[in-house]
Amino acid sequence: MRSLNRLKWLHAFEATARHGSFTGAAQELGVTPAAVGQLVRSLEDWVGHPLLHRTRSGKERLTLVDEAEEALQDITQGLDKLETGLNKLRGRRSRSVVVVTASQVLMMNWLMDRLNRFSETHENINLRLNVTEKLMDVSHGEADIGIRCGQGDWPGVHKTWLMDEEAVLVCSPRLVPPGKMACREWLATQKLIHDDTPHPGADFPSWDAVLMAVGAPEALDSGLHINSTSAVILSALSGRGVAIVRYALVKQLIETGQLVQLHPDRRWPLKWSYYLVTPQQKVMRDEVNIFHDWLLQDVVSDRS
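Residues numbered from 1 in each chain as written. Predicted model: local features only at pLDDT ≥ 70, side-chain atom pairs only at ≥ 80, totals over all residues. Heavy atoms only, no water.

As annotated in an unreviewed UniProt entry, the chain carries the name Gcv operon activator and comes from Citrobacter youngae. According to its UniProt record, the chain has this under Sequence similarities (unreviewed entry): "Belongs to the LysR transcriptional regulatory family." (UniProt positions renumbered as here; feature names shortened; annotations may be inferred.)

This is how it looks when you write it as structure tokens:
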């Protein structure tokens, strides 16, 4: 005979393990930390030994004992299966929700059109967007799936390569005279927009390296420094100067004529790539799998 109390215990234990605290689990479950702690202690009483190491570092932090570490994946998968079963009970007409996270600049200039196309062909799946510049904790359930650009060395997630990235030169078409798109001397006279956003490990090119590579004279002034990639692109769109940007973020703007690519024969490959990331220790729900596979195929089609 099954006990519903045990299901509550497992739910509280799994949330506590992910958050590392009763407080984080309580916020997720909508109860008090004391209530979560009592549910976990009830589970510990039932199994006959502690499941968490309790230490203090500013606020109480909880880590799993070895036996609990081994069992957690099975418990997580079981709770995911229960969620899948409940969705099936709701019927085919129910709308499932997939939480997608990406940076603002990627969402605006690369992802949004794809999301619209996905929604047109998958009416029973709602996409909820979590747009942020920080890395959402996909491994602990802050989102179902994320699109990240980097070296792919993020802990706690499963990653699937989407595409490589490179840097290109762009500016507003209002700024560049006819026949000057590959003019080295003209480039050196323009205001240069510097993207001061950190790109750790990407080998993002500096303006000195770019000017040297195209054979242009040294720039006349220090240019415009901006610590936001989206603001760099907006500045280029408004005609403030010439920018070095990641190609995927401006590809659509180049294709629609809102930006022009200068020295189109020159590109600077980066050591960053785009990846789909999902929780490493959690079985993806059917609707997350559908979106994951659809986006992969859409990117492949875009390259062909």
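So that's the structure; there's more coming.
Student: What is the right way to read the packing of helix α5 (residues 104-121) against helix α10 (residues 286-303) from this model?
Tutor: Each pair of packed helices can be described by the angle between their axes along with the distance between the axes. α10 packs onto α5 with a crossing angle of 120 degrees between their chain directions and a minimal axis gap of 11 Å. Put simply, α5 runs oblique to α10. Crossing angle aside, the handedness with which α5 passes α10 is right-handed. For the pair formed by α5 and α10, the contact residues are W110, L111, R114, L115, R117, F118 and T121 on the first element and I290, F291, W294, L295, D298, V299 and D302 on the second. (Axes fitted to C-alpha atoms, helices over the stretch in contact; angles between N-to-C directions. Helix = DSSP H or I, 4+ residues; strand = E, 2+ residues; numbered from the N terminus. Parallel < 35°, antiparallel > 145°, perpendicular 65-115°, else oblique. Left-handed = near helix turned anticlockwise from the far one by under 90°. Contact = heavy atoms within 4.5 Å.)

Student: How do you make sense of the packing of aromatic side chains when you look at a structure like this?
Tutor: Aromatic ring pairs: the centre-centre distance and the angle between the two ring planes describe each pair. Overall, the coordinates contain four aromatic pairs when judged by the stated rule. Centre to centre, the rings of W110 and Y274 are 6.4 Å apart; their planes meet at 10 degrees, and the pair counts as stacked. Residue W110 is found in helix α5, and its partner Y274 is found in strand β11 (residues 268-279); the two are separated by 164 residues along the sequence. Like Y274, W110 is buried. Centroid distance F118 to W294: 5.4 Å. Interplanar angle 70 degrees. Geometry classified as edge-to-face. Residue F118 is located in helix α5, and its partner W294 is located in helix α10; the two are separated by 176 residues in the primary sequence. Each member of the pair, F118 together with W294, is buried. (Phe/Tyr/Trp six-rings, centres within 6.5 Å; stacked < 30°, edge-to-face > 60°. Buried < 20%, exposed > 50% of the residue type's maximum accessible area, 1.4 Å probe, protein only.)

Student: What exactly am I supposed to notice about helix α7 (residues 207-214) here?
Tutor: Residues spaced three or four apart along an α-helix face the same direction, because each turn holds 3.6 residues. Every buried residue of α7 is listed here: W207, V210, L211 and V214. All buried residues of α7 lie within an arc of 95 degrees about the axis, which places them on one face of the element. Exposed and oriented more than 90 degrees from the buried face of α7 are D208 and M212. Tucked into the core, α7 has its buried residues touching β6 (157-171), α6 (184-188), β7 (192-195), β9 (242-246) and β11. Positive backbone phi, approximately 80 degrees, marks G215, located one or two places after α7. (Arc of directions from axis to C-beta.)

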